[in-house]
Amino acid sequence: MLKITNLKKEYKNFSLDCTMNIAPGCVTGLIGQNGAGKSTTIKAILGLIYPDSGSITILGKDVKNVTAADRKRLGVVLSDSDFNKQLTIKDIILILKSMYSNFDLDFFNEYIEKFRLPTGKPIKNFSTGMKAKLKALAAVSHNAKFLILDEPTAGLDVVARDELLELLREYMEKDEERSILISSHISGDLESLCDDIYMIHNGRIIMHEDTDVLLSNYGLVKVNDKQYNALCKQYILRTKKESYGYSCLTNQKQYYIENYPDVTTENGNIDKIILMMTRGQE
């Protein structure tokens, strides 16, 4: 569905060097701190910026050869874009019907009702959550093959996020060949939705792992200075100095549970892994 190979883009104070692969039928997360390169990568995929080198293949084509017809097979949500604030949902329906021959009006109306979105109210009067739901709904309502979503749940409360994630799950269930690339800094969204996760930091991919593996095999080993000196470091990925000693990120949690029963070993989650991978020492 998407293949990025040695994508490079240089700015004055930032450089991107990215390689990724998204297979059909997969939901892939792209995580990292603000400014890590998530939006730059997505804009390059969409042809909104031009890379200095490297290649991007999307829907089986080089991104430079993607046609207007091909783009209709994509559903896109960008964090820094929005509909004209004077439009109403009724106006947007007319626009989507004219743009996409596969626009599913019944599906769109079903979710407008589920999301409790007012059809005659100008978008400028919508809440942040209403706007986010509308953008996501517009992206999935024309039977797109591939969704590219940049921070689609940013600013939403827990109920609104759950409703939006339900929409994405239904989208995937309808066609096993569909795929999603989603960037987010909200770890719970990714843990419950994504098959695999890429972590980007300072413009570089520093980790790629299946979500199940991250949640089952990764963990934090917490030790005092004496325990740290005696600890086997073979499966330690990052180490961070703490007031009590050291916090150590491992991708072999069970090894330390079995071989160091007197040491505290905590389950990993995406937030902890981001913190250790970006602030810990190799």
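Everything numeric in this text was worked out from a predicted model, so none of it was measured.

Trainee: What is the right way to read the overall build of the protein chain from this model?
Mentor: Scanning the protein chain from N- to C-terminus turns up 11 helices and 14 strands. Referenced to the eigenvectors of the C-alpha coordinate spread, the extents of the protein chain come out at roughly 70 × 40 × 35 Å. Split into buried and exposed, the 282 residues of the protein chain put 48% on the buried side. Counted over contacts in the protein chain with a minimum sequence separation of 6, partners at least 24 positions apart contribute 69%. Distance between charge centres in the protein chain, computed from 36 positive and 37 negative side chains, equals 6 Å.

Trainee: Explain the packing of aromatic side chains to me, please; I cannot follow it from the model alone.
Mentor: Applying the stated criterion to the full structure yields 7 aromatic pairs. Between Tyr255 and Tyr256, the aromatic rings sit 4.9 Å apart at their centres with planes inclined by 85°, giving edge-to-face as the arrangement. What makes Tyr255 partly exposed here is its relative accessible area of 25%. Among the residues examined, Tyr256 registers a relative accessible area of 0% and is labelled buried. Joined through ring pairs, the aromatic side chains of Tyr235, Tyr255, Tyr256 and Tyr260 make up one cluster. Over the face of the ring belonging to Tyr111 we find Lys114, whose NZ or CZ atom lies 4.5 Å from the ring centre.

Trainee: I tried to follow the sheet that holds strand E12 (residues 236-241) on my own but got confused; where do I start?
Mentor: Sheets are built from strands that pair by backbone hydrogen bonding, the pairs being arranged parallel or antiparallel. Overall, antiparallel pairing links the 4 strands, which are arranged E12-E13-E11-E14 in an open sheet. Two strands bound the open sheet, and with one partner strand each, they are E12 and strand E14 (264-267). Averaged over all neighbouring strand pairs, the angle between strand axes comes to 25°, with direction disregarded. Sheet topology note: the strand E11 (residues 219-223)/E14 ladder contains 4 bridges and is antiparallel. Pairing of Lys222 across the sheet is with Thr264, part of E14.

Trainee: Is there a simple way to explain the pairing of E11 in this structure?
Mentor: Two faces belong to every sheet, and in a regular strand the side chains alternate between them. Among the 5 residues in E11, 4 count as buried, and that is most of the element. In this structure, E11 lies alongside strand E13 (residues 246-250), joined through 5 bridges in antiparallel fashion. Note that in E13 the partner of Val221 across the bridge is Cys248.

Trainee: Hey, could you run me through the pattern of salt bridges in this one?
Mentor: Pairing between side chains becomes possible if they bear opposite charge and their charged atoms approach one another. In this structure the tally under the stated criterion is 13 salt bridges. Measuring nitrogen to oxygen at the nearest pair gives 4.0 Å for the salt bridge that ties Glu166 to Lys114. With Glu166 in helix H6 (residues 158-173) and Lys114 in helix H4 (residues 105-114), this pair connects stretches of sequence that are 52 residues apart. On the basis of relative accessible area, Glu166 is assigned to the partly exposed category, the value being 39%. The residue Lys240 makes a salt bridge to Glu242 at a minimum N-O spacing of 3.5 Å. When its relative accessible area of 23% is taken as the criterion, Glu242 is described as partly exposed. The network of salt bridges with common partners includes Glu110, Lys114 and Glu166.

Trainee: How do you make sense of helix H11 (residues 270-279) when you look at a structure like this?
Mentor: Counting along an α-helix, one turn takes 3.6 residues, and residues three or four places apart therefore face a common direction. Turning to H11, its buried residues are Ile270, Ile273, Ile274, Met276, Met277 and Thr278. Capping the start of H11 is the job of one residue whose side-chain oxygen sits 3.1 Å from the backbone nitrogen of Asp271: Asn269.

Trainee: Please clarify how the environment of Leu87 should be interpreted in this entry.
Mentor: Structurally, Leu87 can be placed in the loop between strand E6 (74-77) and helix H3 (89-99). If sequence neighbours within four positions are ignored, Leu87 has contacts with Ile92, Ile95, Lys121, Pro122 and Ile123.

Trainee: Is there a simple way to think about the environment of Leu46 in this case?
Mentor: Within the secondary structure, Leu46 is located in the loop between helix H1 (38-45) and strand E4 (53-58). The contact partners of Leu46, leaving out residues within four places of it in the chain, are Arg71, Leu74, Val76, Leu78 and Ile148.

Trainee: Can you help me understand the nonpolar core in this one?
Mentor: Looking at soluble globular proteins, one finds that nonpolar side chains tend to be buried together. One finds Phe108, Leu134, Leu168, Ile180 and Ile182 to be the most contacted residues of the largest nonpolar core, which totals 52 residues. By size, the runner-up hydrophobic cluster in this structure holds 28 residues, among which are Leu16, Val63, Val66 and Ile200.

Trainee: Please explain the packing of H4 against helix H5 (residues 128-140) as it appears in this structure.
Mentor: Axes are the key here: two packed helices are described by the angle between their axes and the distance separating the axes. Direction vectors running N to C along H4 and H5 enclose 160°, while the axes themselves pass 10 Å from each other. One finds that H4 runs roughly antiparallel with respect to H5. Classified by chirality, the crossing of H5 by H4 is right-handed. Counted together, Phe107, Phe108, Tyr111 and Ile112 of H4 and Leu134, Leu137, Ala138 and Val140 of H5 form the full contact between these two elements. A per-class count over the contact of H4 with H5 returns 8 nonpolar, no polar and no charged.

Conventions we followed
- Residues numbered from 1 in each chain as written.
- Predicted model: local features only at pLDDT ≥ 70, side-chain atom pairs only at ≥ 80, totals over all residues.
- Heavy atoms only, no water.
- Helix = DSSP H or I, 4+ residues; strand = E, 2+ residues; numbered from the N terminus.
- Buried < 20%, exposed > 50% of the residue type's maximum accessible area, 1.4 Å probe, protein only.
- Contact = heavy atoms within 4.5 Å.
- Lys, Arg positive; Asp, Glu negative; His and termini not counted.
- Charge placed at Lys NZ, Arg CZ, Asp CG, Glu CD.
- Phe/Tyr/Trp six-rings, centres within 6.5 Å; stacked < 30°, edge-to-face > 60°.
- Lys NZ or Arg CZ within 6 Å of the ring centre and 35° of its normal.
- Pairing = 2+ DSSP bridges.
- Axes fitted to C-alpha atoms, helices over the stretch in contact; angles between N-to-C directions.
- Salt bridge = Lys/Arg side-chain N within 4 Å of Asp/Glu carboxyl O.
- Polar contact = N/O pair within 3.5 Å; in protein donor to acceptor, adjacent residues only side chain to side chain.
- Core = buried A, V, L, I, M, F, W, Y, C linked by side-chain atoms within 4.5 Å.
- Parallel < 35°, antiparallel > 145°, perpendicular 65-115°, else oblique.
- Left-handed = near helix turned anticlockwise from the far one by under 90°.
- Nonpolar A, V, L, I, M, F, W, Y, C, P; charged D, E, K, R; others polar.

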